[in-house]
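Chains, contacts and geometry: an overview
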Amino acid sequence: MRIAQVAPLFESVPPKYYGGTERVVSYLTEALVKLGHDVTLYASGDSVTAARLRPVCPHSLRMDEQSVDPVADHVYLAETVFRESEGVDVIHSHIEYIAYPLLRRMHTPHLTTLHGRLDIPNLVNLYREFSDIPLVSICDFQRRPLPWVNWLGTVYHGLPKNLYTFFPRPGKYLAFLGRLSPEKRPDLAIEIARTAGIPLKIAAKVDKSDRAYFKNVVEPLLDPPDIEFIGEIGDAEKNEFLGNAMALLFPIDWPEPFGLVMIEAMACGTPVIARRCGSVPEVIQPETGFVFEDSAGAVRAIQQLDKFDRKRCRAVFEEKFTDARMANDYLKLYELVRAQGVAHEPELLTG
């Protein structure tokens, strides 16, 4: 099958450091190539792939000091895909709604995976207008604000089976990995670790928009060596960081659509202690971790870690959250949109 994967341009594919959506696009693209499909990846020019790379900008926008208006780059990306859509069997977009006006005018079957939160009031009018666009959710919970749109299915994220190493015995610290922002609640992770009397290591990215939160809320709570801030890390460091942890703390305070770090920890055999928000109850089962309601529940979970079966955790990852499973789930949806054909009469843009 001839497949076009359309990635956001904020990070390279795969990202050098933090970047959930682009990382998933990379895993999916490489898995589809391994399965023998002809894949074109629309992404930043510093991306690395076994597929045919169609660079739309020289560098990932977060790393490009010359990038002032990322919307301009993504509008150009959408137009490029539209102009080159003939001869492709299916277009898989990961750039949310910015491509909808062009996607609905294509002859080529397409679908869009939504990677973000949908509980935003001004999305309602937009999705009522574009209710014909075929969509994929990354967890069932994600659909709740917009249950009436054209959902094709839910596909959970997956990782390459051998990307992370199984660690049969944990170290002596808890881990927090992700982005230092209010909705990720690193402050709550610190509170939980302190109450449990276990050291906490924090490996996280600080966005420009979150610098004030970091300086005013998180930084005053850092107290080495018990609470250690490492900074942003890449894949090579993540394996050791997660694998040697007693558990991953995931005390989110927002409707998280998936949370890739949860299955990264599972791949190492490391249990996840996660707050009951968003996708957490769908992803975390008793074999892979603990779901808590409040910080006292998280502390109780930490006290049970000596009974946790890390080998079973790794086995569940291999059963449910590999890139091969993800790719095969998407291939079923590609066949579905091809069988359905376009639900509207495509309009050619003129002028």
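That block above? That's the structure.
So, a few notes on the structure that sits alongside this text. (Residues numbered from 1 in each chain as written. Predicted model: local features only at pLDDT ≥ 70, side-chain atom pairs only at ≥ 80, totals over all residues. Heavy atoms only, no water.)

**So, the packing of helix α1 (residues 20-34) against helix α12 (residues 323-340)**
Direction vectors running N to C along α1 and α12 enclose 80 degrees, while the axes themselves pass 9 Å from each other. On the basis of the axis angle, α1 is roughly perpendicular to α12. Taken together, the residues of α12 that come into contact with α1 (itself represented by V24, Y27, L28, A31 and L32) are D323, M326, A327, Y330, L331 and Y334. The residue makeup of the contact of α1 with α12, split by class, is 10 nonpolar, no polar and 1 charged. (Axes fitted to C-alpha atoms, helices over the stretch in contact; angles between N-to-C directions. Helix = DSSP H or I, 4+ residues; strand = E, 2+ residues; numbered from the N terminus. Parallel < 35°, antiparallel > 145°, perpendicular 65-115°, else oblique. Contact = heavy atoms within 4.5 Å. Nonpolar A, V, L, I, M, F, W, Y, C, P; charged D, E, K, R; others polar.)

**Some words on helix α11 (residues 310-320)**
Each full turn of the α-helix corresponds to 3.6 residues, which orients residues three or four apart in the same direction. Those residues of α11 not exposed but buried are R310, C313, R314, V316 and F317. Buried residues in α11, looked at end-on, bunch into an arc of 155 degrees, giving them a common side. In this structure, the buried side of α11 is in contact with α7 (235-243) and α8 (260-268). Where α11 begins, one side-chain oxygen reaches toward the backbone nitrogen of K311, 3.1 Å away; that side chain belongs to D309. (Buried < 20%, exposed > 50% of the residue type's maximum accessible area, 1.4 Å probe, protein only. Arc of directions from axis to C-beta. Polar contact = N/O pair within 3.5 Å; in protein donor to acceptor, adjacent residues only side chain to side chain.)

**Looking at the sheet that holds strand β11 (residues 247-250)**
Within a beta sheet, neighbouring strands are joined by backbone hydrogen bonds and run either parallel or antiparallel to one another. What the 6 strands build is an open sheet, ordered β10-β9-β8-β11-β12-β13; its pairing is parallel. Every interior strand has two partners, whereas the edge strands, β10 (227-229) and β13 (289-292), have only one. Taking each pair of neighbouring strands and ignoring which way they run, the sheet shows an average axis angle of 20 degrees. Two elements, strand β8 (residues 174-179) and β11, share 2 bridges in a ladder whose sense is parallel. Looking across to β11, one finds that A175 is bridged to L248. (Pairing = 2+ DSSP bridges.)

**Considering the sheet that holds strand β1 (residues 2-6)**
The strand order across the open sheet built from 7 strands is β3-β2-β1-β4-β5-β6-β7, with neighbouring strands paired in parallel fashion. Every other strand in the sheet has two partners, leaving β3 (52-57) and β7 (151-154) as the edge strands with one partner each. Going across the sheet, the axis of each strand differs from the next one's by a mean of 20 degrees, ignoring polarity. Sheet topology note: the β1/strand β2 (residues 38-44) ladder contains 5 bridges and is parallel. Along β2, the bridge assignment pairs I3 with V39.

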